[in-house]
Amino acid sequence: MRPDFATVDEKIEQLRAAGVPVLVNLSYLYEPERSKWIAEKLAEYNSRTELPPVLAAVFAESVIDDPALQPVKDFVVFVPKTIEPTSAEYMPDFHDREGICFGDSTKLSNKDIIGGSSVEWINAVCRRLPHVNLYAYKQYSGGAVHKHIQTVPHMTDGFGNFLAERRLFINLNVHLTFEMVGCEAQSYGTPLIYRHMPHSLSEYIGPTGIRVRSPEELGELAAWLYNDESAWREYSRASRQNGAAISYENAHAALEASLRIALVRVRSLQTGDDS
């Protein structure tokens, strides 16, 4: 959908003409039309069997379970997302934190990203935590997302401190290639409640956060975790440890592993050997 994607196709052509196989991010979104487009694009690329293969890079192995990708699943390769959080000057304890961050305000207003309206989800939290400050940060243009959400300006400095000062982070976004800020929040010990994102957070966060399916579940779990100090401390500790595990400094070997798998797959595709 981006106007500069044409340059990606041009680069792919140059590399393949030079005998180089390609691994490209085609922005999987957990959305049927994008999945269909990716499958068609991979089939189009690889119809030129005299050229090296073109593989799609995705951020979770479970993407290959998408029915639309079954015809091209051999061309789909997991590559870990590299996460390098903004530094924070402090790591506040339970009683020194307040409020809930809902992420980027513009994304919260985008029904394509949410898969509907975010209002009912936010209302569910407001009903259970009426006196708690709710925040969203403004990274892009757009109006207010909800009357009870305080929008803070884009921060070039201090963003890590802002996330560390919050008691919870709630991620309502679903149809994005990856939602990185929720992972960043974990690195500051900020527990995360998120919606099912099998192509990213569901694998990267897993049980170190809380996954919910409905506004009612969100309201219940947000109220419990915000007020239960013992439960919060467990999730905060698990969040910090998971944040460290998936940080960039611990991803070098995982990146090489993915490239090695990609090369094995390329050789298999070129020789037709599945062994």
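Right, let's walk through the structure included here.

### Focus on helix α7 (residues 180-187)
- Of all 8 residues making up α7, 7 are buried, and the element is well covered by its neighbours.
- In this structure, the buried residues of α7 make contact with β5 (134-137), α6 (159-165), β7 (168-171), β8 (192-195), α8 (201-204) and α10 (229-245).
- Just downstream of α7, G189 is the residue with a positive phi angle, here 75°.

### Section: the pattern of salt bridges
- Here the structure, examined in full by the defined rule, presents 10 salt bridges.
- For the salt bridge of E165 with R166, the shortest nitrogen-to-oxygen distance reads 3.9 Å.
- On the basis of relative accessibility, which here comes to 26%, the residue E165 falls in the partly exposed class.
- Judged by its relative accessible area of 5%, R166 falls in the buried class.
- One connected set of salt bridges, linked through shared partners, spans D9, K41 and E44.

### As for helix α9 (residues 215-227)
- Spanning 13 residues, α9 covers 18 Å between terminal C-alpha atoms, matching the ideal 18 Å at 1.5 Å per step.
- Along α9, the positions that sit buried rather than exposed are P215, L218, G219, A222, A223, L225 and Y226.
- Of the surrounding secondary structure, the elements contacted by the buried residues of α9 are β4 (100-104), α5 (119-128), β7, β8, β9 (210-212) and α10.

### Some thoughts on the packing of aromatic side chains
- Within this structure, the stated rule accounts for 8 aromatic pairs.
- A ring pair is formed by F59 and F178, whose centres lie 5.7 Å apart and whose planes are at 85°; its orientation type is edge-to-face. In this pair, F59 is assigned in the loop between β2 (54-58) and β3 (76-78) and F178 in the loop between β7 and α7, connecting sequence segments 119 residues apart. For the pair F59 and F178, one class covers both residues: buried.
- Of the aromatic side chains, those joined through ring pairs into one cluster are Y135, Y137, F159 and F162.
- Against the face of F94 rests R167, its NZ or CZ located 4.0 Å from the ring centre.
- Lying across the ring of Y226, R167 places its NZ or CZ 4.5 Å from the centre.

### Details of the pairing of β2
- Counting buried residues in β2 gives 5 out of 5 residues, a clear majority hidden from the surface.
- Note: strand β1 (residues 22-24) against β2, 3 bridges, orientation parallel. Residue pairing in the sheet places V22 in a bridge with V54 of β2.
- Considered for its hand, the β-α-β crossover made up of β1, helix α2 (residues 32-45) and β2 is right-handed.
- Judged from the 3 bridges that link them, β2 and β3 form a sheet pairing that is parallel. Bridge assignment links A57 to a residue of β3, and that residue is V77.

### What to know about the sheet that holds β3
- Overall, parallel pairing links the 3 strands, which are arranged β1-β2-β3 in an open sheet. With partners counted over all chains shown, the strands left at the sheet margins are β1 and β3, one partner each. Across the sheet, the axes of successive neighbouring strands diverge by a mean angle of 35°, strand direction being ignored.
- Contacting β1 and β2, helix α1 (residues 5-17) crosses the sheet at an angle of about 160° to β1.

Rules and cut-offs
- Residues numbered from 1 in each chain as written.
- Predicted model: local features only at pLDDT ≥ 70, side-chain atom pairs only at ≥ 80, totals over all residues.
- Heavy atoms only, no water.
- Buried < 20%, exposed > 50% of the residue type's maximum accessible area, 1.4 Å probe, protein only.
- Helix = DSSP H or I, 4+ residues; strand = E, 2+ residues; numbered from the N terminus.
- Contact = heavy atoms within 4.5 Å.
- Salt bridge = Lys/Arg side-chain N within 4 Å of Asp/Glu carboxyl O.
- Expected span 1.5 Å × (residues − 1).
- Phe/Tyr/Trp six-rings, centres within 6.5 Å; stacked < 30°, edge-to-face > 60°.
- Lys NZ or Arg CZ within 6 Å of the ring centre and 35° of its normal.
- Pairing = 2+ DSSP bridges.
- Right-handed = clockwise from strand over helix to strand, strands pointing away.
- Axes fitted to C-alpha atoms, helices over the stretch in contact; angles between N-to-C directions.

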